[in-house]
Amino acid sequence: MKVAAALATLLVGCTGRTVLMTGDSWADYNGIPNKVFPEVFKENNDTRTVKNIAVSGSTCREWADKYLDDLKDAAKDPSVEIVWMTCGGNDAKNRLPSCPDSQQECIGKVTEEIKRDMVTIYYAVMSVNPFARVVSFGYDIMGFGGLICGLVPRLILPECDNDPFCVNSILLSIQIGINEVAAHHSNYDSVNLLGSLQEAHDVPGAYPGNPVLTQFSPGYDATCIHPTEAGYKTVFTNFYTRYFKGSSEKFNATHFLPAIPVGRSRHL
């Protein structure tokens, strides 16, 4: 193991250090993540470079299948030390409206599918670059407040009737799924950033990893699911601080997040 670690250090030292951005529109939205994420590194005097192969609208399922060869081709570069994978939201958006079971069962099934695909992605990266690390976070609380943005969750989670506590259950479930994958795979890391934009907009009691579940989040643009440029800066700065500065940990879902709510009532 010491020889392998030394070899990894030598390879990275010769070729530089690269963070590979992969996944959905949270890493590829109108060029904003591609601009803001490198800015955060620069502001922290971090010499890592960023490469982006994310595809807007993509799913974990597609990255575990359709885009898997593209991911492996990019990840095999020995300079790649971190692969950031953001996916799961589109899997939920595509699957939940047609799921015939109860909301709780549907969310559970979709989360298990996301976990399986993330494991496939992880092993694909390890097969071409065993020295890399894969990291994910489960987005942030979405901006579904207001009349227009409130229509989005009504289509995806009609049982919730846009109740924030109920709608936010899917984001909690994705984050818990990421935590569970990270807990069982040594080179997979989980970072919980839920609550980042709430904290930035002075929602009482909110901070990264501790969202206020009874509210949606400010800081989003007209799509309701993508932060503004300033919002991306907030989320990515928290991501950098909690992970790239070495202060991240593999969060234990059983104590770090509340239980997934069932049905519409925020008291369940």
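Enquirer: Explain the environment of Gly 195 to me, please; I cannot follow it from the model alone.
Expert: On the secondary structure map, Gly 195 appears in the loop between strand E5 (188-190) and helix H10 (196-200). Along the primary structure Gly 195 and Phe 216 are separated by 21 residues, whereas in three dimensions their C-alpha atoms are 9.6 Å apart. Residues contacting Gly 195, with those up to four places away along its chain left out, are Asp 140, Ile 141, Ala 206, Tyr 207, Pro 208 and Pro 211.

Enquirer: How do you make sense of helix H2 (residues 32-43) when you look at a structure like this?
Expert: For H2, built from twelve residues, the straight-helix expectation of 16 Å at 1.5 Å per residue is met to within 8% by its first-to-last C-alpha distance of 16 Å. Next to the buried residues of H2 lie strand E1 (18-23), strand E2 (49-52), strand E3 (80-86) and helix H11 (229-244). The positive-phi residue at the C-terminal boundary of H2 is Asn 45, with phi of around 55 degrees.

Enquirer: Quick question: what am I supposed to make of the pairing of strand E4 (residues 133-136) here?
Expert: Pairing of E3 with E4, which is carried by three bridges, proceeds in the parallel orientation. Looking across to E4, one finds that Ile 82 is bridged to Arg 133. Sheet topology note: the E4/E5 ladder contains three bridges and is parallel. Opposite Val 134, over in E5, you have Tyr 188 as the bridge partner.

Enquirer: Sorry if this is basic, but what is going on with the pattern of salt bridges here?
Expert: Working definition: two side chains of opposite charge can pair if their charged atoms are close together. Counted under the stated rule, the structure contains 14 salt bridges. The salt bridge involving Glu 229 is made with Lys 35; its shortest N-O contact spans 2.8 Å. Placement of Glu 229 in helix H11 and of Lys 35 in helix H2 is noted, with a sequence separation of 194 residues between them. With a closest N to O distance of 2.5 Å, Arg 48 and Glu 81 form a salt bridge. Of this pair, Arg 48 sits in the loop between H2 and E2 while Glu 81 sits in strand E3, and the two are 33 residues apart along the sequence. In this pair, the class of Arg 48 matches that of Glu 81, namely buried. Each of Arg 17, Asp 46, Arg 48 and Glu 81 takes part in salt bridges that share partners, so that together they form one network.

Enquirer: Would you mind going over unusual backbone geometry with me for this structure?
Expert: Leaving glycine aside, a negative phi is the common case for residues, and trans is the common case for peptide bonds. With a phi close to 60 degrees, Asp 202 is a non-glycine residue in the positive phi region. Within the secondary structure, Asp 202 sits in the loop between H10 and H11. A positive phi angle, near 75 degrees, is found at Cys 224, a position not held by glycine. Tracing the backbone shows Cys 224 in the loop between H10 and H11.

Enquirer: Just checking my understanding: could you explain the packing of aromatic side chains for this structure?
Expert: Under the defined criterion, the tally for this structure stands at 23 aromatic pairs. Measuring from ring centre to ring centre gives 5.4 Å for Trp 84 and Phe 137, while their planes differ by 15 degrees; the resulting arrangement is stacked. Here Phe 137 lies in the loop between E4 and helix H7 (151-156) and Trp 84 lies in strand E3, a separation of 53 residues in the sequence. Phe 137 shares its class with Trp 84; the two are buried.

Enquirer: What is the right way to look at the state of the cysteines in this model?
Expert: Covalent bonding between the sulfur atoms of two cysteines defines a disulfide. Inspection of the entire model under this criterion finds four disulfides. Residue Cys 60 pairs covalently with Cys 87 via a disulfide, S to S 2.0 Å. The sign of the 95 degrees torsion about the S-S bond sets the Cys 60-Cys 87 disulfide as right-handed. Here Cys 60 is found in helix H3 (residues 60-63), whereas its partner Cys 87 is found in the loop between E3 and helix H5 (89-95), with 27 residues between them in sequence. Classification of Cys 60 as buried rests on a relative accessible area of 0%. Judged by its relative accessible area of 2%, Cys 87 falls in the buried class. Residue Cys 99 pairs covalently with Cys 106 via a disulfide, S to S 2.0 Å. Residues Cys 99 and Cys 106 are joined by a disulfide whose S-S torsion is about -90 degrees; by sign, that bridge is left-handed. You can call Cys 106 buried: its relative accessible area is 3%. Looking at the chain, its bonded cysteines, counted consecutively from the start of the sequence, adopt the pairing 1-2, 3-4, 5-8, 6-7.

Enquirer: Help me understand the packing of helix H4 (residues 68-75) against helix H6 (residues 103-128), please; the structure alone is not making it clear to me.
Expert: Each pair of packed helices can be described by the angle between their axes along with the distance between the axes. Look at H4 against H6: their axes get within 9 Å of each other, and the N-to-C directions meet at 40 degrees. The two elements H4 and H6 meet at a crossing, and its hand is right-handed. Two secondary-structure elements touch here, H4 through Leu 68, Leu 71, Lys 72 and Ala 75 and H6 through Thr 120, Ile 121, Ala 124, Val 125, Ser 127 and Val 128. When grouped by side-chain class, the residues that make up the contact of H4 with H6 number seven nonpolar, two polar and one charged.

Parameters at a glance
- Residue positions within a chain follow its written sequence, with the count starting from 1.
- This being a predicted model, a pLDDT of at least 70 is required before a residue's local features are given, and a value of 80 or more before pairs of side-chain atoms are given or counted; all residues contribute to the totals for chains, interfaces and linings.
- By convention in this description, side-chain values take in all heavy atoms of the structure and omit both hydrogens and water.
- For helices the rule is a DSSP run of H or I covering at least 4 residues; for strands it is a run of E covering at least 2, with both sets numbered from the N terminus onward.
- Every residue pair with non-hydrogen atoms within 4.5 Å of one another is taken to be in contact.
- Multiplying one less than the number of residues by 1.5 Å gives the expected span of a helix.
- Any two strands with at least two DSSP bridges between them are considered paired.
- For salt bridges, the criterion is a side-chain nitrogen of Lys or Arg within 4 Å of an Asp or Glu carboxyl oxygen.
- Three labels apply to residues, based on accessible area from a 1.4 Å probe with only protein chains included: buried if under 20% of the type maximum, exposed if over 50%, partly exposed otherwise in between.
- Working definition: rings of Phe, Tyr and Trp (its six-membered ring) pair if their centres are within 6.5 Å, and the pair is stacked with planes under 30 degrees apart, edge-to-face with planes over 60 apart, and tilted otherwise.
- Working definition: a disulfide is two cysteine sulfur atoms within 2.5 Å of each other.
- Every angle, taken between N-to-C directions, lies between 0 and 180 degrees, and every axis is a line fitted to C-alpha atoms, over only the stretch in contact when it is a helix.
- The sense of a crossing depends on the near helix, which, turned anticlockwise from the far helix by less than a right angle, makes the crossing left-handed and, turned clockwise, makes it right-handed.
- Residues were grouped as follows: Ala, Val, Leu, Ile, Met, Phe, Trp, Tyr, Cys and Pro as nonpolar; Asp, Glu, Lys and Arg as charged; and all remaining residues, including Gly, as polar.

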